[in-house]
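Understanding the architecture of this molecule
So you can see what is in the structure, the chains are spelled out below.
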Amino acid sequence: MTISTVGIIGAGTMGNGIAQACAVSGINVVMVDISDAAVQKGVATVAGSLDRLIKKEKITEADKSAALARIKTSTSYDDLKAAQIVIEAATENYELKLKILKQVDALVAPEVIIASNTSSISITKLAAATSRADRFIGMHFFNPVPMMALVEIIRGLQTSDATHDAVKQLSERLGKSPITVKNAPGFVVNRILVPMINEAFFVLAEGLATPEDIDAGMKLGCNQPIGPLALADMIGLDVCLAVMDVYLAEFGDSKYRACPLLREMVAAGRLGRKTGQGVYSY
């Protein structure tokens, strides 16, 4: 399958990032959201990101103009019919994703691939709700999409080899380095990352070191660009807690028990950067 147009549902952080990656790579985009204001905000974010690349002399004004010209915006799912693959990048909510995917499944041609950018929801379960389970797959991009090289390609139990290969080729065209993952809670990266963050909260709760020294230890000792506690603040402590709770429920293994300090901070509304207070103050 030759993919010349990518449909994207959601013009938020992930959706507009995927749109930028596609457009810069010469692929046409149809970006759909619920309102004109939402899609225009998404395009404005892409334009701002491209301006920063111009200042760094990574692209030219002509490159920016060409990329923006490849992004069509819409508030109608009907415009997704032009795409060979539709990537759902809506909020991480199972019921919402299910509603969107069923609408798209009923609308686009049978051969069109549908992908979800979910970071935690079962691809096998989402695929089963469509009429094209063999042409359904996970494409987990990482934030910020234009900068991060990784895409986790998640195969549901039903995903065909042809679907996997087409999505892998698309990822490589976007300049990404894809890894292939079987469907399981947290996939690969978050399965390792979030329990590490949780363990950092246990270390903090036990008073073994200050937050600054915990983060410095992991940065200097493990060559991580950001410490686990600062990363938790960036992700959102509520998100970290929710992920740990999913792991505990899905695996039934006590090693996924959320740190009580993490739970306490979420209860206090100290969620990180987005609230101005988490482990650190902002």
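Above this text you will find the structure in question.
Chains are numbered independently. Their residues run from 1 in the order of the written sequence. Confidence filtering applies because this is a predicted model: local features only for residues at pLDDT of at least 70, side-chain atom pairs given and counted only at 80 or more, and all residues used for totals across whole chains, interfaces and linings. By convention in this description, side-chain values take in all heavy atoms of the structure and omit both hydrogens and water.

Quick look at the overall build of the protein
- What the protein contains, in helices and strands, is eleven helices and eight strands.
- Across its three principal directions, the C-alpha atoms of the protein cover 55 × 45 × 35 Å.
- Accessible area is worked out with a 1.4 Å probe on protein chains only. A residue is then buried under 20% of its type maximum, exposed over 50%, and partly exposed in between. Relative to its full complement of 282 residues, the protein shows a buried share of 47%.
- Here, two residues are considered to be in contact whenever any of their heavy atoms come within 4.5 Å of each other. Sequence separation of 24 or more characterises 65% of the internal contacts of the protein that already satisfy a separation of 6 or more.
- Each accessible area is a Shrake-Rupley result for a 1.4 Å probe, and residues are judged covered by the shown protein chains and nothing else. Total accessible area computed for the protein in this model is approximately 13,300 Å², and 54% of it derives from carbon and sulfur atoms.
- Neither His nor the chain termini are counted; the positive set is Lys and Arg, and the negative set is Asp and Glu. A single reference atom marks each charge: NZ on Lys, CZ on Arg, CG on Asp, CD on Glu. Side-chain charges in the protein split into 28 positive and 29 negative, and the spacing between the mean points of these groups amounts to 2 Å. By the criteria applied, helices consist of DSSP H or I runs no shorter than four residues and strands consist of E runs no shorter than two, each listed in order from the N terminus.

Description of the side chain of S49
- Tracing the backbone through its elements, the reader meets S49 in helix α2 (residues 36-55).
- When near neighbours in sequence (up to four residues on either side) are disregarded, S49 contacts Q20 and P146.

Digging into helix α10 (residues 237-251)
- Expected span of a helix: the number of residues minus one, times 1.5 Å. With 15 residues, α10 should cover 21 Å at 1.5 Å per step; its first-to-last C-alpha distance of 21 Å lies within 8% of that length.
- Along α10, the positions that sit buried rather than exposed are L237, C240, L241, V243, M244 and Y247. Angular distribution of buried residues about the axis of α10 spans 160°; they occupy a single face of the element. Exposed residues on α10 whose side chains face more than 90 degrees from its buried face are A249 and E250.
- Looking at the buried side of α10, the elements it contacts are α7 (189-205), α9 (228-235) and α11 (260-267). The directions considered for the arc run from the helix axis to the C-beta atoms.

Let's talk about the nonpolar core
- By convention a nonpolar core is built from buried Ala, Val, Leu, Ile, Met, Phe, Trp, Tyr and Cys residues, the set being connected through side-chain atoms within 4.5 Å. By size, the foremost hydrophobic cluster in this structure holds 36 residues, and its most contacted members are V6, I18, I85, I87, M139, F141 and L170.
- When residues of this core are assigned to their parent elements, the largest contribution, six residues, is made by helix α1 (residues 13-24).
- Membership of the second largest hydrophobic core comes to 26 residues, among which are F201, A230, L241 and A258.

A word on a nonpolar patch on the surface
- A contiguous nonpolar surface patch, about 240 Å² in accessible area, is contributed by I179, V188 and I192.
- For V188, the position within the fold is in the loop between β8 (177-182) and α7. Patch members must show over 30% relative accessible area and no salt bridge, and they are joined within 9 Å when carrying like charges or within 5 Å when they are nonpolar side chains of Val, Leu, Ile, Met, Phe, Trp or Tyr. One side-chain nitrogen of Lys or Arg within 4 Å of one carboxyl oxygen of Asp or Glu is enough to make a salt bridge.

Let's talk about the pattern of salt bridges
- Per the counting criterion, the structure on display carries nine salt bridges.
- A salt bridge links K72 to D79; the nearest nitrogen and oxygen atoms lie 3.6 Å apart.
- Of the charged contacts in the structure, one is a salt bridge between D161 and R155, with a shortest N-O distance of 2.7 Å.
- Among the residues examined, R155 registers a relative accessible area of 22% and is labelled partly exposed.
- One continuous salt-bridge network, built from bridges that share partners, spans E88, E92 and K97.

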